[in-house]
Amino acid sequence: MTEPTTDSPASPLDTLIDGYRRFREGGWKTQREKWNTLSEGQQPDVMVIACSDSRVDPSQIFDVDPGEIFVVRNVAALVPPFETTPGHHGVSAALEFAVQVLKVKEVMVMGHGLCGGCKASLTQSLHGAEPGEGGFVANWISLLDEARNNVASKMGTEGRDAERAMEQAAVRVSLDNLMTFPCVRSKVKDGSLRLRGAFFAITDGVLHVMDEETREFSPAV
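Source: prediction; values computed, not measured.

A. Structural view of the overall build of the protein. For the protein, the count of helices and strands is nine helices and six strands. If you line up the protein on its principal axes, its C-alpha atoms span 65 × 50 × 45 Å. Within the protein, residue pairs in contact and separated by at least 24 positions form 64% of the contacts whose partners lie at least 6 positions apart. Mean positive and mean negative side-chain charge positions of the protein (22 and 31 charges, respectively) differ by 5 Å.

Given below as structure tokens:
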């Protein structure tokens, strides 16, 4: 007679704890001097605004160590326009901290292929949803409505070409919204801050960088 097993499948937390243990025995110990320096403060030169999508981790894509980039992630890598209305302005607070306190030299907005937020914007699949049922996402991606209408009128709302156009249009929207922040605008004007746009294609792993003049994307070389 087979004895019943008492083993249970590892939980996601167990998997994360296993990774933490590897980190403690590997990265932490081998880079202890660097971690000691980081314990005294951070001085990243670049802020990266990226999507929350689990497939596009900026630290992995750019192969950087802790302390090298200041990262904010949200649905579709969006930056809202500057506003002072009551509320909790998470992206604005992070941007203010990076620009005014850390004094980063560049802010990069990095969109990506197969972005669910951009697709929802393009198809309007969450339009009218209640908060908690998709409504929070719908309200957030409404920042893209004008760009979405332009893409839809030219390319429709279905197919990879339209989706990619929407994903890259979202980067341009965020870059434009960055310039509505007085602290950003003044630093760009005096040359102490540069805004960059990028797009990571999940299907082939290629990073595309936006030309600042044409605002078109081409593979990084």
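B. Structural context of helix α7 (residues 145-155). Residues of α7 that are buried include every one of Ala 147, Arg 148, Val 151 and Ala 152, and no others. Across the axial projection of α7, the buried residues extend over an arc of 130 degrees, all falling on one side. Set apart from the buried face of α7 by more than 90 degrees, the exposed residues are Glu 146, Ser 153 and Lys 154. Buried residues along α7 sit against α5 (116-123) and α8 (160-178).

C. How the structure looks around the side chain of Ser 92. Inspection of the secondary structure puts Ser 92 in helix α4 (residues 90-102). Given a relative accessible area of 14%, Ser 92 falls into the buried group. If we ignore the near neighbours within four places in the chain, the residues touching Ser 92 are Pro 80 and Phe 181.

D. Geometry of the sheet that holds strand β6 (residues 217-219). Strand order in this open sheet of six strands is β2-β1-β3-β4-β5-β6, and the pairing throughout is mixed. Bordering the open sheet on either side are β2 (69-74) and β6, each of which pairs with just one other strand. Each adjacent strand pair in this sheet contributes to an overall mean axis angle of 25 degrees, direction not counted. Examined bridge by bridge, strand β4 (residues 194-201) and strand β5 (residues 206-210) share four bridges and lie antiparallel to one another. Bridge pairing in β5 links Ala 198 to Val 209. Lying over the sheet, α4 contacts β1 (46-51), β2 and β3 (106-112), oriented at roughly 170 degrees with respect to β2. Relative to β4, α8 is tilted by about 160 degrees, and along the sheet it contacts β1, β3, β4, β5 and β6.

E. Representation of the side chain of Arg 196. Looking at the element boundaries, Arg 196 is found in strand β4. Those residues in contact with Arg 196, other than ones at most four positions away along the chain, are Glu 106, Val 107, Met 108, Val 109, Leu 175, Val 209 and Glu 212.

F. Quick look at the pairing of β5. Between β4 and β5, which pair antiparallel one after the other, the connecting turn spans four residues, and Gly 205 there sits at a positive phi close to 70 degrees. Of the pairings in the sheet, the one linking β5 to β6 comprises three bridges and is antiparallel in character. Counted as the bridge partner of His 208 is Pro 219 from β6. Once β5 ends, the chain turns through six residues before running back antiparallel as β6, passing Arg 215 with a positive phi of about 65 degrees.

G. A look at the packing of α5 against α8. Direction vectors running N to C along α5 and α8 enclose 110 degrees, while the axes themselves pass 9 Å from each other. Classified by the angle their axes make, α5 and α8 are roughly perpendicular. Contacts from Cys 118, Lys 119, Ser 121 and Leu 122 of α5 reach α8 at Ala 162, Glu 163, Met 166, Glu 167 and Ala 170. Considered class by class, the residues forming the contact of α5 with α8 number five nonpolar, one polar and three charged.

H. A look at a nonpolar patch on the surface. A cluster of nonpolar residues, Leu 13, Leu 16, Ile 17, Tyr 20 and Phe 23, forms a patch on the protein surface that exposes about 490 Å² of accessible area. With respect to the helices and strands, Phe 23 occurs in helix α1 (residues 12-30). Looking at Phe 23, the relative accessible area reads 32%, which means it is partly exposed.

I. Spatial organisation of the packing of α7 against α8. Orientation of α7 relative to α8, taken along the N-to-C sense of each, is 155 degrees, at an axis distance of 9 Å. As the angle between them shows, α7 and α8 are arranged roughly antiparallel. Between α7 and α8 lies a crossing whose hand is right-handed. Of α8, the residues touching α7 (which contributes Ala 147, Arg 148, Val 151 and Met 155) are Asp 161, Ala 162, Ala 165, Met 166, Ala 169 and Val 173. For the contact of α7 with α8, the per-class residue count stands at eight nonpolar, no polar and two charged.

Calculation criteria
- Residues numbered from 1 in each chain as written.
- Predicted model: local features only at pLDDT ≥ 70, side-chain atom pairs only at ≥ 80, totals over all residues.
- Heavy atoms only, no water.
- Helix = DSSP H or I, 4+ residues; strand = E, 2+ residues; numbered from the N terminus.
- Contact = heavy atoms within 4.5 Å.
- Lys, Arg positive; Asp, Glu negative; His and termini not counted.
- Charge placed at Lys NZ, Arg CZ, Asp CG, Glu CD.
- Buried < 20%, exposed > 50% of the residue type's maximum accessible area, 1.4 Å probe, protein only.
- Arc of directions from axis to C-beta.
- Pairing = 2+ DSSP bridges.
- Axes fitted to C-alpha atoms, helices over the stretch in contact; angles between N-to-C directions.
- Parallel < 35°, antiparallel > 145°, perpendicular 65-115°, else oblique.
- Nonpolar A, V, L, I, M, F, W, Y, C, P; charged D, E, K, R; others polar.
- Patch = residues over 30% accessible without salt bridge, like charges linked within 9 Å, V, L, I, M, F, W, Y side chains within 5 Å.
- Areas by Shrake-Rupley, 256 points an atom, 1.4 Å probe, with all protein chains shown as cover.
- Salt bridge = Lys/Arg side-chain N within 4 Å of Asp/Glu carboxyl O.
- Left-handed = near helix turned anticlockwise from the far one by under 90°.

Keep in mind these values describe shape, not function.
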